[in-house]
Amino acid sequence: MKRINPSFLFPFSILVLLIWGFSTAMFDLPPLGKFMNPFLGFIQNGSDVDIDNLERKISDTGINNSATIYFDERKVPHIFADSEDDLYFAQGYVTASLRLWQMDFISYVAAGRLSEIFTDDAYLNYDRSQRRLGLLLAAKKSLTLIERDPITLKALSNYTKGVNAYIKGLNYAELPLEYKLLNYEPEEWSNLKSILLLKHMGNNLSGYEEDLNMTNLMLALGTVNFNKLFPQSNGHTTPVMQELVGELNPSLKEIIQPDYLNYSFISSKTTYKSNYNPQLGSNSWVVDGQKTTSGFPILCNDPHLTLSLPSIWLEVQLNCPEMNVYGVAIPGTPSVIIGYNENIAWGITNGADDVKDWYKMKISEDYSTYQMDGKQVKLKRHFETINRKGKKPFVDTIYSSVHGPIVFDKSFPNINEGLGNHALRWELLEPSNEFLTFIKLNKAKNYNDYVDAIKHYKCPIQNFTFACKDNTISINHQGNIPVRWEGQGMFILDGSKSTHLYKKYIPIDSLPASKNPSSHYLLSANQHPTTDNYPYYYYGYFFETRANRINKLLKNEQHFDQRKMQRLQTDNTNDFASQALPELLNHLSVKGLNEKQISLIKRLKSWSFDYNRSGQMALFFELWWKNTETLTWDEISNYSFYSVLPENYVLLDLLKNEPENAYFDRLGTSKTEHSNLIVRKAFFKAYVEYLQKGDNAGVEWGNNNKLMILHPTSKKAFSITDMKSSGHPSAINATSTSWGPSWRMIVELGDRPRGYGIYAGGQSGNAGSKYYDNFIAPWNKGKYYSLNFYMTKGEAKKLSKSQWILK
């Protein structure tokens, strides 16, 4: 994106007149006189003076002693301090200097406080929804827990002091542009705000909730067809933990319809449309020294998350006597979340387990009680006051049972009637201290330290990938996973029966994990965590295609270095397409095709299944497969409660093994159709759609796979739209519209760790800064930066471009 230059938006003479004419805020606009003042207003946000200053001494900050922040050529802060207290203080200070509005705004989003910023009534509904989900209440409970842990409390409190020291030193001219545009000021930072940011990230990663939809599908299809179309495992898996032995667990193969699940229990056939994108996930893998040219392990990680400006990540190095760690942090929270130190490296991917359960409740008309085991139990309630800009506060009454909050009730039914008077049990709402995991990981020196760190991680379930320079590698499916009976949590549960509440979790030492496998590599890409031999039942939305591709590439290479890992991490091959296209071609007779169609078939046969920007065959395969899906699953999409279709592998297996399956026979036709006819119809429909794209440029994948990297306000001036991109959700380089690899990292351990990485954004949150989006173009081209991991303060001073000294 071209850098915004505010000084050219308005001629200076016009500014003078506007400043004189507008001195107070009007409607939702900022006070224009103040906003357009060239010495105080938005023009001041076009400067990089502070961040480019070769040496800046900042006094009276409130830091205990001092800290030095060295900035490299990409404006990554390398923080050196003599104590942890000062280190976290400095991290808070410099993070606020780069990303204050972003982290502050997201705390409002998480807490359900947007009505304090915006006047539109739509934000009141959003705020009510957030409060009813319980993120703010959960953050407060977690704060109470954290305040009992001196290690975490000290880190959080010093970080908060650093943020507030920066805020205290701000004047209007120095405020981030968004405060001026939206006409409000930053409030004091707090430990609660930092906790809210982690809860917000957890919410983004644990939004899977198909309970109502799966309930309707089981009732409509019956056990046999349900398991055929929505199987627990599809047979095309590369599980995270591959070397598990033991007896087969039938519940991980198929689900029997529970006795309570019938139309007298669920009469509504409405559906719940979740905003969760199940393809949000990540890739991470690690190889030990047996498969590298250096003899030391290499760990790679690229979490797939919503792409935004500013980025959700901030690169940073933290150095004090207790640690020397590099990686990315979440702005607003202390420590490094994904990264490495002199001894270990770690990555994280979403575990994809279902951690939300909905319970149908029997609630009295006046919302005073609910039924449990034949008895009436008092329904708890509390009041949430939602302050509103320019309006009276709104007080919402929120009810809750032993299961959790009643999110939708008679006073708030408009979002979804299908889950009215249902209680939500969600692990994220339980008090927890995930901060301690990352604080300890930052200091970890070996495998035992790593295990001690991740045991504190509770929700959402994550796969932690680990490497140590002693060549220990490991992967752990970590978090609170309930011990469930078969099918528990997949369908709506009966809130009137205590037997439907789970009471314990899978023991930590029984969670899926693997250490030093005979294959010399481990991988995680949101696939099934185990084989069918795992003794416990679990359920989630697992994605297999990327894992299958990664496994093939890791298995076949014996001499990895960082360049080979870069090529692997940016691989645009769709492994599913490599299996599906031959099957489509087998079902298509060339009889009756014209010369252009036959020529297209020849090109498809020579296609390498890549989704590069300039490629032209990827689009045709997408259209052909999508139309095959649509024509096959018309019975499913015809249901009034339709929400999800069977996954791709289910249809592929039907094409291969059951070409005359009844699902290929379309509704509303007199002729009985088989798979050949469906595939042929889909081909012709795809051919027409392909021609409608126009010339060669129109069918290039990049013109049909454009990314949007949006600012939270969605203002185009602060965002990037229509960026042509390679990749596909099923490729290792997983991209799609508004999400993708949010941080690519490759770390080779050894006597001195070597890291390479990049994210889609820039270090500054200021849209007028040249450091706002300067990483995006190289990121989109698959380039990497060499990460400057300074071993000593002297090295940092010698090699850095500028420095701040906090006193």
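Below is a short write-up of the structure. (Residues numbered from 1 in each chain as written. Predicted model: local features only at pLDDT ≥ 70, side-chain atom pairs only at ≥ 80, totals over all residues. Heavy atoms only, no water.)

**Overview of the overall build of the protein**
Scanning the protein from terminus to terminus reveals 23 helices and 27 strands. Here the protein has a C-alpha radius of gyration of 27 Å; the compact-globule value for 807 residues is 28 Å, and the two agree. Projecting the C-alpha coordinates of the protein onto the three principal axes gives extents of approximately 80 × 65 × 60 Å. When contacts within the protein are restricted to residue pairs at least 6 apart in sequence, those whose partners lie at least 24 apart make up 72%. (Helix = DSSP H or I, 4+ residues; strand = E, 2+ residues; numbered from the N terminus. Rg over C-alpha atoms; globule rule 2.2 N^0.38 Å. Contact = heavy atoms within 4.5 Å.)

**A few points about the environment of Trp607**
With respect to the element layout, Trp607 can be found in the loop between helix H16 (595-605) and helix H17 (617-632). The exposure class assigned to Trp607 is buried, which follows from its relative accessible area of 9%. In this structure, the C-alpha to C-alpha distance between Trp607 and Ser578, residues 29 residues apart in sequence, is 9.2 Å. In this view, Trp607 contacts Ala577, Leu581, Met617, Ala618 and Phe621; residues no more than four positions away in its chain are not counted. In terms of polar contacts, Trp607 uses its side chain to reach the backbone carbonyl oxygen of Asp610, at 3.2 Å. (Buried < 20%, exposed > 50% of the residue type's maximum accessible area, 1.4 Å probe, protein only. Polar contact = N/O pair within 3.5 Å; in protein donor to acceptor, adjacent residues only side chain to side chain.)

**Looking at the pairing of strand E7 (residues 323-329)**
The buried fraction of E7 amounts to seven of the seven residues, a majority that puts the element mostly inside the structure. In terms of strand pairing, strand E6 (residues 314-320) meets E7 through seven bridges, oriented antiparallel. Bridge pairing in E7 places Cys320 opposite Met323. Here E6 folds back onto E7 in antiparallel fashion, the turn holding two residues. In the sheet, E7 pairs with strand E8 (residues 338-341) via four bridges, with the strands oriented antiparallel. Bridge assignment links Gly327 to a residue of E8, and that residue is Gly339. (Pairing = 2+ DSSP bridges.)

**So, the pattern of salt bridges**
Per the counting criterion, the structure on display carries 28 salt bridges. Across the pair Asp85 and Lys154 runs a salt bridge, and its minimum N-O distance is 3.9 Å. Remark: Lys154 occurs in helix H7 (residues 150-168) and Asp85 occurs in helix H4 (residues 84-111); sequence separation between them is 69 residues. Looking at Lys154, the relative accessible area reads 41%, which means it is partly exposed. (Salt bridge = Lys/Arg side-chain N within 4 Å of Asp/Glu carboxyl O.)

**Quick notes on unusual backbone geometry**
Following Leu309, the chain continues to Pro310 via a peptide bond in cis, the omega torsion being 0°. In this fold, Pro310 is placed in the loop between strand E5 (298-306) and E6. Here the residue pair Cys459 and Pro460 is connected by a cis peptide bond, since its omega of -5° sits within 30 degrees of zero. Turning to its location among the elements, Pro460 is positioned in the loop between helix H12 (447-454) and strand E16 (462-468). With a phi angle near 70°, Phe609 is a residue other than glycine that sits in the positive phi range. Here Phe609 shows up in the loop between H16 and H17.

**What about the packing of aromatic side chains?**
Taken as a whole and assessed by the stated rule, the structure comprises 44 aromatic pairs. Aromatic pair Tyr457 and Phe464: ring centres 5.4 Å apart, planes at 70°, arrangement edge-to-face. Look at Tyr457 and you get buried, because its relative accessible area is 8%. Residues Phe683 and Tyr687 carry aromatic rings whose centres are separated by 6.5 Å and whose planes lie at 15° to one another, so their mutual orientation is stacked. Residue Phe683 and its partner Tyr687 are both found in helix H20 (residues 675-691); the two are separated by four residues, about one turn of the helix. When sorted by exposure, Phe683 lands in the same class as Tyr687, which is buried. Sitting over the ring of Trp804, Arg56 keeps its end group 4.9 Å from the ring centre. (Phe/Tyr/Trp six-rings, centres within 6.5 Å; stacked < 30°, edge-to-face > 60°. Lys NZ or Arg CZ within 6 Å of the ring centre and 35° of its normal.)

**A look at the pairing of strand E17 (residues 473-478)**
Within E17, six of the six residues are buried, which leaves it mostly tucked inside the rest of the structure. Residues Ile473, Ile475 and His477 of E17 are buried on one face, and the alternating residues Ser474, Asn476 and Gln478, pointing to the opposite face, are buried as well. Here E16 runs beside E17; their pairing, made up of six bridges, is antiparallel. Bridge assignment links Ala467 to a residue of E17, and that residue is Ile473. Here three bridges tie E17 to strand E19 (residues 513-515), and the two strands are oriented antiparallel to one another. Looking across to E19, one finds that Ser474 is bridged to Lys515.

**Thoughts on the sheet that holds strand E27 (residues 802-806)**
Working definition: the strands of a sheet are paired by backbone hydrogen bonds and lie parallel or antiparallel to each other. The strand order across the open sheet formed by eleven strands is E1-E27-E2-E3-E6-E7-E8-E9-E16-E17-E19, and the pairing between neighbours is mixed. Only two strands of the sheet have a single neighbouring strand rather than two, namely strand E1 (55-58) and E19. The average angle at which neighbouring strand axes cross in this sheet is 15°, direction not considered. Judged from the five bridges that link them, strand E2 (residues 67-71) and E27 form a sheet pairing that is antiparallel. Directly across from Thr68, in E27, lies its bridge partner Ile805. (Axes fitted to C-alpha atoms, helices over the stretch in contact; angles between N-to-C directions.)

**What about the packing of helix H11 (residues 435-443) against H12?**
The interhelical angle for the contact between H11 and H12, taken along N-to-C directions, is 165°, at an axis separation of 8 Å. If you check the angle between H11 and H12, you find them roughly antiparallel. Taken as a pair, H11 and H12 cross one another with a handedness that is right-handed. Together, Thr437, Lys440 and Leu441 of H11 and Tyr450, Asp452, Ala453 and Ile454 of H12 make up the contact between the two elements. When grouped by side-chain class, the residues that make up the contact of H11 with H12 number four nonpolar, one polar and two charged. (Parallel < 35°, antiparallel > 145°, perpendicular 65-115°, else oblique. Left-handed = near helix turned anticlockwise from the far one by under 90°. Nonpolar A, V, L, I, M, F, W, Y, C, P; charged D, E, K, R; others polar.)

**Observations concerning H7**
With 19 residues, H7 should cover 27 Å at 1.5 Å per step; its first-to-last C-alpha distance of 26 Å lies within 8% of that length. Those residues of H7 that fall on the buried side of the exposure criterion are Thr152, Ala155, Leu156, Asn158, Tyr159, Thr160, Gly162, Val163, Asn164, Ala165, Tyr166 and Ile167. Residues of H7 that are buried make contact with H4, helix H6 (135-146), helix H9 (191-205) and H11. (Expected span 1.5 Å × (residues − 1).)

**With respect to the environment of Ser233**
Relative to the elements of secondary structure, Ser233 occurs in the loop between helix H10 (211-229) and strand E4 (281-287). The exposure class assigned to Ser233 is buried, which follows from its relative accessible area of 15%. Distance in space between the C-alpha atoms of Ser233 and Phe542 is 9.1 Å, their sequence separation being 309 residues.

**Some thoughts on the side chain of Asn766**
Summarising the element assignment, Asn766 is placed in the loop between strand E25 (754-759) and helix H22 (776-780). Of the polar contacts made by the side chain of Asn766, one reaches the backbone nitrogen of Gly768; its length is 3.0 Å.

On their own, these measurements won't tell you what the molecule is for.
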